[in-house]
Amino acid sequence: MVSALDGNAVVVAGATWVMRAVLRGDRGDRTFVSLARIAQLHETAEDADGLRIGALVTHDALAKGMSAVPEALVQAAANSANPAIRRAATIGGNLCAQEFRAPDLVPALIALNATVTLVSGRGRETLPVEEFVNTRAERAPGAILTTIHVPRQVGRSAHARALLRQAGEYPVANASVSLNLAKDGTIDTLRIAVGAVEDVPRRWHSLERALQGQPLTASHAAGIARDHLREFTPRDDVDAPGWYRLRVLPGLVQQLIADIANQPQAGA
Amino acid sequence: MAVTFTLNGKPRSFRGDPRTSLLDALRHDFRLTGAKDVCGEGFCGACTVQIEGAPKASCLLPVGALDGAEITTIEGIGDIETLNPVQQAFIDFDVVQCGM
């Protein structure tokens, strides 16, 4: 149905983004194809490989749900928007609302090395979240994101967000980390993803390389982050200019590492 | 397409555009004006209703996705003889809701 309507249909999950289309100056006349009544898309299941999350699982359910949801995803879901929005907004919507520049779940999913599964008339396709968010604009209408798979985590993870006020608005920057410690307590492997700074969330590769082998010390990590801001081309928008988004990033790294250092050892 | 749901304990149906926000349907079709149309983007909370007992922003809910839902508005949480404790507190403490 979505394919047949050829760009005039919009797939609707929690609807919190699409219902504001007219406020943003976007088209308000597109046909809604609601997924709300497909029961499987509301389900979350744990298996040996990790966690399978249906596209219609809400932020609220992720934040309060299964213990197997990694900490970065819990924190991203629990602090996004406001309580009423979190009860409606979904993980699939967060991934598919491509004009939304400040999603919280997307950087968390990139840091956690998650994949998405798309289903269309041509079959099924599974790809990494970062690849999906970079190619979604060019994809033909008709593929529906059904499931998110978060691999079983062996290390710890965290999410942090910078807001101009304490709550209830989009972050000017956010960041997620997933990391494993070496036996001597230094950082072994890690993935860091940054959102809201550029148009699409992405990994911070140079910082990942620089932090490998470093001690798990928040202020030290923030200092290293300051040397790797050139990797970004930050966006100017009404909430904050690009330079400001970069300015807050080392502080977010400091929060992430402090949070990780305070978490109990996995399996402890 | 008719959408059928329970509104303040009574069965109701809506036959308009299913993309209509629940807030607009409540105010324009069901004449329930207790939920207010203020920010229109789920931020201010003035349009809050309960869906299956959970508070949600009615301005962002398309009616078409609410088939079979149980909806409670501010008009449905008490009556003039037996006010909800929150309603009674509004009277007791001269509460004013500015509405942004």
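Preceding block: the structure.
All of these numbers come straight from a predicted model, not from anything done at the bench.

Parameters at a glance
Residues numbered from 1 in each chain as written. Chains lettered and ligands numbered in written order. Predicted model: local features only at pLDDT ≥ 70, side-chain atom pairs only at ≥ 80, totals over all residues. Heavy atoms only, no water. Helix = DSSP H or I, 4+ residues; strand = E, 2+ residues; numbered from the N terminus. Rg over C-alpha atoms; globule rule 2.2 N^0.38 Å. Lys, Arg positive; Asp, Glu negative; His and termini not counted. Charge placed at Lys NZ, Arg CZ, Asp CG, Glu CD. Buried < 20%, exposed > 50% of the residue type's maximum accessible area, 1.4 Å probe, protein only. Contact = heavy atoms within 4.5 Å. Phe/Tyr/Trp six-rings, centres within 6.5 Å; stacked < 30°, edge-to-face > 60°. Lys NZ or Arg CZ within 6 Å of the ring centre and 35° of its normal. Axes fitted to C-alpha atoms, helices over the stretch in contact; angles between N-to-C directions. Parallel < 35°, antiparallel > 145°, perpendicular 65-115°, else oblique. Left-handed = near helix turned anticlockwise from the far one by under 90°. Disulfide = S-S within 2.5 Å. Buried area = accessible area lost by both parts, 1.4 Å probe. Salt bridge = Lys/Arg side-chain N within 4 Å of Asp/Glu carboxyl O.

## Quick notes on the overall build of chain A
At step 1: Tallying secondary structure elements over chain A gives nine helices and eleven strands in all.
At step 2: Taken over C-alpha atoms, the radius of gyration comes to 18 Å for chain A, in line with the 18 Å a tight globule of 268 residues would show.
At step 3: For chain A, the spread of C-alpha atoms along the three principal axes comes to 55 × 45 × 35 Å.
At step 4: Distance between charge centroids for chain A: 2 Å, based on 28 positive and 27 negative side chains.

## Points about the environment of Val49 of chain B
Residues and elements named next belong to chain B.
At step 1: Residue position: Val49 is located in strand β3 (residues 48–51).
At step 2: For Val49, a relative accessible area of 2% corresponds to the buried category.
At step 3: For the pair Val49 and Ile91, spaced 42 residues apart in sequence, the C-alpha separation works out to 20 Å.
At step 4: The contact partners of Val49, leaving out residues within four places of it in the chain, are Leu22, Leu26, Ala35, Ala54, Pro55, Lys56, Ser58, Thr72 and Thr73.

## Some details on helix α2 (residues 71–79) of chain A
At step 1: Within α2 of chain A, the full set of buried residues consists of Ala72, Leu73, Val74, Gln75, Ala76 and Ala77 of chain A.
At step 2: Following α2 of chain A by one or two positions, Ala81 of chain A has its phi on the positive side, about 50°.

## Comments concerning the packing of aromatic side chains
Residues and elements named next belong to chain A.
At step 1: For the coordinates displayed, the defined rule picks out five aromatic pairs over all chains.
At step 2: An angle of 35° between the planes, with centres 5.1 Å apart, marks the rings of Trp17 and Phe100 as tilted. With Trp17 in the loop between β1 (9–12) and β2 (31–34) and Phe100 in the loop between α4 (91–96) and α5 (105–111), the pair connects residues that are 83 residues apart, well separated along the chain. A single burial state applies to Trp17 and to Phe100, both of which are buried.
At step 3: Ring centres of Phe100 and Tyr170 lie 4.9 Å apart, and the angle between their planes is 55°; on these two criteria the pair is classed as tilted. With Phe100 in the loop between α4 and α5 and Tyr170 in the loop between β8 (156–162) and β9 (173–181), this residue pair connects regions lying 70 residues apart in the sequence.
At step 4: Overall, Phe100 belongs to the buried group, its relative accessible area being 12%.
At step 5: Overall, Tyr170 belongs to the partly exposed group, its relative accessible area being 39%.
At step 6: By way of ring pairs, the aromatic residues Trp17, Phe100 and Tyr170 are connected into one cluster.
At step 7: Of note, Arg24 hangs over the ring of Trp17, and the distance from its end group to the ring centre comes to 3.7 Å.

## A word on the packing of helix α8 (residues 218–226) of chain A against helix α9 (residues 242–262) of chain A
Residues and elements named next belong to chain A.
At step 1: At a minimum axis distance of 8 Å, the contact between α8 and α9 shows a crossing angle of 150°. Regarding the angle of α8 to α9, the classification is roughly antiparallel. The interaxial crossing formed by α8 with α9 has right-handed handedness. Here α8 contributes Ala218, Ser219, Ala221, Ala222, Ala225 and Arg226 to the contact with α9, which in turn contributes Pro250, Val253, Gln254, Ile257 and Ala258.

## Description of the state of the cysteines
Residue and element names in this part refer to chain B.
At step 1: Inspection of the entire model under this criterion finds zero disulfides over all chains.
At step 2: Of all cysteine sulfurs, the one in Cys59 lies closest to Cys47, which takes part in no disulfide; the gap is 3.8 Å.
At step 3: Classification of Cys59 as buried rests on a relative accessible area of 9%.

## So, the interface of chain A and chain B
At step 1: Contacts between the two partners involve 20 residues from chain A and, on the opposite side, 18 residues from chain B.
At step 2: Between chain A and chain B the total buried area reaches about 1,400 Å² when both faces are included, carbon and sulfur atoms providing 62% of it.
At step 3: Considering only the surface of chain A that becomes buried against chain B, Met19, Arg20 and Arg87 of chain A emerge as the three largest contributors, covering 35% of it.
At step 4: Counting across the interface, chain A meets chain B through one salt bridge.
At step 5: Residue Arg37 of chain A is joined to Asp67 of chain B by a salt bridge in which the shortest nitrogen-to-oxygen separation is 3.1 Å.
At step 6: Mapped onto the side of chain A that touches chain B, the elements with two or more residues apiece are β2 and α3 (83–86) of chain A.
At step 7: The element contributing the most residues to the side of chain A that touches chain B is β2 of chain A, with three residues.

## Overview of the side chain of Lys56 of chain B
At step 1: Here Lys56 of chain B lies in strand β4 (residues 54–57).
At step 2: One buried charge, Lys56 of chain B, has no salt-bridge partner; the nearest side chain with opposite charge is Glu52 of chain B, at 7.9 Å.
At step 3: Residues within four places of Lys56 of chain B in sequence aside, it is in contact with Ala84 and Arg87 of chain A together with Cys47, Thr48, Val49, Ile51 and Leu61 of chain B.

## Quick notes on the side chain of Ser80 of chain A
At step 1: Among the secondary structure elements, Ser80 of chain A is positioned in the loop between α2 and α3.
At step 2: Residue contacts for Ser80 of chain A: discarding those within four places in its chain leaves His59, Arg86, Asp104 and Arg161 of chain A.

Bear in mind that shape data such as this cannot, by itself, settle questions of function.
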